[in-house]
Amino acid sequence: MQKIRKAVFPVAGLGTRFLPATKASPKEMLPVVDKPLIQYAVEEALDAGIEQMIFITSSSKRSIADHFDRNPVLEQELEQRGKFDLLDMARHTIPEGVSCIYIRQPEPLGLGHAVLCARPAVGDEPFAVILADDLIDGGEQSCLGQMVDLYAKHEASILAIQEVAEEETSKYGIIDPQTLYERVHQLRNIVEKPTPLEAPSCLAVVGRYLLTPNIFDYLEKIPKGAGGELQLTDAIARQLKDHPVLAQEFQGKRYDCGSKLGYLEATVEYALQHQNLREAFKKYLNSLLHEQKI
Ligand code: G1P
């Protein structure tokens, strides 16, 4: 079996839902407590054994490359001040030996096009795609880690899915599932952003994919789809006609950090798990309750 060594992070999108915060800085750099969303995504990839991070970027996303690079001025300053914990944090946004590749997506032509831009760096091996605005707390094992384990059994493309409310189907790729066993389904079809009436189920793809490399051949051939963009979902819909594609209902909780509400939910829950903040933050939330502000 070919090991999953590479992860693609499509980060070229504009993030209009967070304007004005995302006017000059990428939505993937929005922090949840003290780490930017993109760092959670990279940590999930590392946890799943990924060794090479491939970022599909655009002109306004330079700070992502800066974040995973060394910052000699900051490091020197922290060293001189004896702030060694902070120095360690600043130095190790990515472990040594893990490589980062940055590829520009010249035009915002859609998620499918962004993934296709990664082809020269991925080559002929299975790979992961992580959408950083879906923050997933997998609990004991990360979502991508769970998917890598399933890949070892089936060696097929795998999508992370979760059930959504009927009125939400038009925000997601929705699958038509044939259940294989608990939490694992084979796709009979997949549709991008269907209305509730058109949706084949309420099982929605969230931002984690493990894809076999033949997906690139399908991406090359698809026409523009929903929203006038090249959709990854449409390439998967073609792939599943020739090769089995699976969907996994992962264990854990997903926060839609592409929406303000989901982002706030993540912030509150991650703060409640944060070692140094937990107690003070709980106290603060309780005081709000007491004052009947919530
Ligand atoms: C993308 C995909 C969609 C998927 C979603 C998960 O949509 O196209 O199939 O369900 O991510 O977050 P976007 O949120 O970029 O519109």
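Since the structure is predicted, the reported quantities are computational estimates derived from the model, not experimental observations.

> Hey, could you run me through the site of the ligand in this one?
Near the ligand, the surroundings consist of 13 residues, among which Asp134, Gly173, Glu192, Lys193 and Val205 are the closest. The contact in question runs from an oxygen atom of the ligand to an N or O atom on the backbone of Gly173, over 2.9 Å. Within the backbone of Val205, a nitrogen or oxygen atom sits 2.6 Å from an oxygen atom of the ligand. When the ligand is considered free in solution it has 380 Å² of accessible area, and contact with the protein chains removes 77% of it. A total of four residues in the shell around the ligand trace back to one element, the largest contributor, which is strand 11 (residues 203-211). Class assignment for the residues of the shell around the ligand results in six nonpolar, four polar and three charged.

> Quick question: what am I supposed to make of the UniProt feature "domain: Nucleotidyl transferase" (unreviewed entry) in the protein chain here?
The feature "domain: Nucleotidyl transferase" (unreviewed entry), as annotated in UniProt, sits at residues 11-270 in this numbering. Annotated as 33% helix and 26% strand, the span residues 11-270 places its first and last C-alpha atoms 23 Å apart.

> Which parts of the structure should I look at to understand the packing of helix 10 (residues 260-273) against helix 11 (residues 278-290)?
Helix packing geometry: the angle between the two helix axes and the distance between the axes. Remark: helix 10 packs on helix 11, axes separated minimally by 7 Å, with the N-to-C direction vectors making an angle of 130 degrees. The angle between helix 10 and helix 11 places the two elements in the oblique class. Side by side, helix 10 and helix 11 meet where Val268, Ala271, Leu272 and Gln273 of the first sit next to Arg278, Phe281, Lys282 and Leu285 of the second. Counted by class, the contact of helix 10 with helix 11 contains five nonpolar, one polar and two charged residues.

> What exactly am I supposed to notice about the packing of aromatic side chains here?
The geometry of an aromatic ring pair is captured by the separation of the ring centres together with the interplanar angle, meaning the angle of the planes. Counted under the stated rule, the structure contains eight aromatic pairs. Note on Phe55 and Tyr102: the rings are 5.0 Å apart at their centroids and 10 degrees apart in plane angle, and the pair reads as stacked. Of this pair, Phe55 sits in strand 4 (residues 52-57) while Tyr102 sits in strand 5 (residues 99-104), placing them 47 residues apart in sequence. An aromatic cluster is defined as three or more aromatic residues linked by ring pairs; in this entry it consists of Phe9, Phe55, Phe68 and Tyr102.

> Looking at this structure, I do not really get helix 1 (residues 37-47). What am I missing?
Residues separated by three or four positions in an α-helix point in the same direction, a consequence of the helix having 3.6 residues per turn. Of all 11 residues that make up helix 1, eight are buried, and the element is covered over most of its length. Those residues of helix 1 that sit buried are Leu37, Ile38, Gln39, Tyr40, Ala41, Val42, Glu44 and Ala45. Of the residues flanking the end of helix 1, it is Gly49, one or two places downstream, whose phi is positive at about 90 degrees.

Basis of the calculations
- Residues numbered from 1 in each chain as written.
- Predicted model: local features only at pLDDT ≥ 70, side-chain atom pairs only at ≥ 80, totals over all residues.
- Heavy atoms only, no water.
- Near = heavy atom within 4 Å.
- Polar contact = N/O pair within 3.5 Å; in protein donor to acceptor, adjacent residues only side chain to side chain.
- Areas by Shrake-Rupley, 256 points an atom, 1.4 Å probe, with all protein chains shown as cover.
- Helix = DSSP H or I, 4+ residues; strand = E, 2+ residues; numbered from the N terminus.
- Nonpolar A, V, L, I, M, F, W, Y, C, P; charged D, E, K, R; others polar.
- UniProt positions renumbered as here; feature names shortened; annotations may be inferred.
- Axes fitted to C-alpha atoms, helices over the stretch in contact; angles between N-to-C directions.
- Parallel < 35°, antiparallel > 145°, perpendicular 65-115°, else oblique.
- Contact = heavy atoms within 4.5 Å.
- Phe/Tyr/Trp six-rings, centres within 6.5 Å; stacked < 30°, edge-to-face > 60°.
- Buried < 20%, exposed > 50% of the residue type's maximum accessible area, 1.4 Å probe, protein only.

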